[in-house]
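# Descriptive analysis of the structure
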Amino acid sequence: MPSLPTRFTDEVGTLMADTSQTLHQLDELMYCNSHYDHLTGLPNQTLLVNRLRETLSLQADQQRSMAVLLLSIDDFTDISHGLEPETLRLLLRGISQRLSKDVVQDGFLAYMGKDEFAIARFDVTSPESVVQLIQSLRTVLAMPFSLEGQTIHVTPSIGVILQTCQEAQDIDQLLQQAHMAMHQAKQRGRGQYQFYSPETTAQLQNRLVLENDLHKALERDELRVYYQPLIDLQTGQVIAVEALLRWQHPSRGLVSPAEFIPIAEANGLIVPIGEWVLRTACAQSRDWQLAGSPPLRMSVNLSACQFSQPNLVETVAQIMADTEMDPTYLELEVTESFLMEDMQRSVQTLQKLRSLGLAIALDDFGTGYSSLNYLSRFPVTMLKIDRSFVNDMRVNPESAAITDAIIALAKSLHLSITAEGIEDQEQLAYLKERGCEEGQGFYFSRPLPAAALEAWLQTKTLAQQLPSLAMTR
């Protein structure tokens, strides 16, 4: 600030004094605009970086530990699309107020933009104290927000970097590592947290390479559809196949679906890839029928991202028309967890899909909500028992009880029932005795390319394929 006189009785002196005061206020305003977020009132990233540098430079004991936590609201894009702009602003203010008032009293809280908040804690005594802070954050945000007549639930994904003050001198790297940890927490599911480690960097670098390669996989014809047979457990006949996506990477070979499908779901590639899988499977089913093979039901998975597309029904109808797929032999698999995100819309979408003449299977049943209240509303035709129950039912009474209950439930609702992950004779015998209708798993066949499945069906007699199915109940 210039050194201006402030005490004069004449008009010129008064004007100069007013100018000095105005400049001072303007300086404060400019500082606030550049260092604080106008929506939440919290410090922004610029002020966070400055405060971190200040504190670290003044810290006498460089071996003391400090932590930076980066918090991101799960599914924020979907939440924002469902709210009016003013309601969204109120939500962000509400989150800021809760964090400021109830959690971050001993530390520095900043708003990083969009749905991200940062918390810096100095003089951290132990990793356990950071975990306690994380639990407090999750507890405070777990309480619903009531805004503009709406009840909104949020969960945070949290990345944590814990270092000594000496190690944390590179602030940009510190925040980047917190971002990496937060990104990995999101990959693990909703409401998770992850501490940064050097392995995190390696995993994310590997993920970035895979993501770049996946963008080119469709155009390079590297994706494959494999087919796993579904068996009628009472007759031993192959009655259906499930289409399963595989990636034949040019240098890595077959990449595990568990490795690349989450990437495709996160970046939206699962939509064009999913459409390609559906089109390929329908075309293959039609080719088999034209070749004289007995008609088999073709089961194809829909991802949550696909299901949320506004043109899903039209896309499915167009693919069936293009491939001349008989809807009688098409089954789409959906997962109960993503149906619950918007019950009314899910019911409407499923009803429209059913109106096309195809069947709907509820995949991984028993791992999510499993409520009779919603199940009776969904127009599904098949329940699929998750493989986790099938694997554990001989050693875990709870898994056996759940399996029995799902089979009984399906029968009472007049739904078909399939068990996934059958791997041995004992599992097969148990499920058959309980009245499970269909099954699939390595005991019968691994997923195979189309040509290999054709050979499997032609060269294996029923007795050779499934000798155990001849046993009496």
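For the structure, see preceding data.
Residues numbered from 1 in each chain as written. Predicted model: local features only at pLDDT ≥ 70, side-chain atom pairs only at ≥ 80, totals over all residues. Heavy atoms only, no water.

### A word on the packing of aromatic side chains
- All told, the structure shown has five aromatic pairs when counted by the stated rule.
- A centroid spacing of 6.2 Å and a plane angle of 80° characterise the contact between Y193 and F195, whose relative ring orientation is edge-to-face.
- Between the aromatic rings of W247 and F260, the centroid separation amounts to 5.5 Å while the plane-to-plane angle is 80°, which identifies the pairing as edge-to-face. In this pair, W247 sits in strand β9 (residues 238-249) while F260 sits in helix α8 (residues 257-267), placing the two residues 13 residues apart along the sequence. A single burial state applies to W247 and to F260, both of which are buried.
- Above the face of the F145 ring, R98 is positioned so that its terminal group lies 3.6 Å from the ring centre.
- Over the face of the ring belonging to Y430 we find R434, whose NZ or CZ atom lies 3.8 Å from the ring centre. (Phe/Tyr/Trp six-rings, centres within 6.5 Å; stacked < 30°, edge-to-face > 60°. Helix = DSSP H or I, 4+ residues; strand = E, 2+ residues; numbered from the N terminus. Buried < 20%, exposed > 50% of the residue type's maximum accessible area, 1.4 Å probe, protein only. Lys NZ or Arg CZ within 6 Å of the ring centre and 35° of its normal.)

### Observations concerning the nonpolar core
- Membership of the largest hydrophobic core comes to 77 residues, with the highest contact counts inside it found for Y227, L332 and L353.
- Looking at which element gives the most residues to this core, the answer is helix α9 (residues 270-290), with eight residues.
- By size, the runner-up hydrophobic cluster in this structure holds 30 residues, among which are L83, V130, F145 and I158. (Core = buried A, V, L, I, M, F, W, Y, C linked by side-chain atoms within 4.5 Å.)

### Some thoughts on unusual backbone geometry
- Unusually for a residue other than glycine, K114 sits at a positive phi of about 55°.
- Along the polypeptide, K114 turns up in the loop between β2 (108-113) and β3 (116-124).
- Residue class for K114 comes out exposed when judged on its relative accessible area of 53%.

### Here's the deal with the packing of helix α11 (residues 312-323) against helix α13 (residues 343-355)
- Between α11 and α13, whose axes approach to 10 Å, the crossing angle comes to 15°. Here α11 lies roughly parallel to α13, going by the angle between them. α13 is crossed by α11, and the crossing has right-handed handedness. Contacts between α11 and α13 involve L312, V313 and V316 from the first element and T349, K352 and L353 from the second.
- Class assignment for the residues of the contact of α11 with α13 results in four nonpolar, one polar and one charged. (Axes fitted to C-alpha atoms, helices over the stretch in contact; angles between N-to-C directions. Parallel < 35°, antiparallel > 145°, perpendicular 65-115°, else oblique. Left-handed = near helix turned anticlockwise from the far one by under 90°. Contact = heavy atoms within 4.5 Å. Nonpolar A, V, L, I, M, F, W, Y, C, P; charged D, E, K, R; others polar.)

### Some points on the pattern of salt bridges
- Tallied over the entire structure, the rule returns 15 salt bridges.
- Residue D322 pairs with R279 through a salt bridge whose shortest N-O separation is 3.2 Å. Linking D322 in helix α11 with R279 in helix α9, this pair joins segments that are 43 residues apart in sequence.
- Owing to a relative accessible area of 35%, R279 belongs among the partly exposed residues under this scheme. (Salt bridge = Lys/Arg side-chain N within 4 Å of Asp/Glu carboxyl O.)

### A word on helix α6 (residues 171-187)
- Taking 1.5 Å as the rise per residue, α6 with 17 residues should run 24 Å; its terminal C-alpha atoms sit 25 Å apart, in good agreement.
- Turning to α6, its buried residues number three or more, namely I171, L174, L175, Q177, A178, M180, A181, M182, Q184 and A185.
- Looking one or two places after α6, you find G189, whose phi comes out positive at around 125°. (Expected span 1.5 Å × (residues − 1).)

### Considering the side chain of S96
- Of note, S96 is situated in helix α4 (residues 85-103).
- When neighbours within four sequence positions are excluded, S96 is seen to be in contact with T40, L42, L109 and F117.

### Considerations on the pairing of strand β12 (residues 330-335)
- Across the six residues that make up β12, a large majority, six, are buried.
- As paired strands, strand β11 (residues 297-301) and β12 are joined by four bridges and run parallel to one another. Pairing of V300 across the sheet is with L332, part of β12.
- Bridging between β12 and strand β13 (residues 359-365) involves five bridges; their strand directions are parallel. Bridge pairing in β13 links E331 to A359. (Pairing = 2+ DSSP bridges.)

### What to know about the packing of helix α16 (residues 397-412) against helix α17 (residues 425-434)
- In the contact formed by α16 and α17, the axes pass within 10 Å of each other and the chain directions differ by 40°. Pair α16 / α17 crosses with right-handed handedness. Contact residues: A400, T403, D404, I407 and K411 in α16; Y430, L431 and R434 in α17.
- Here the contact of α16 with α17 is built from residues that sort into four nonpolar, one polar and three charged.

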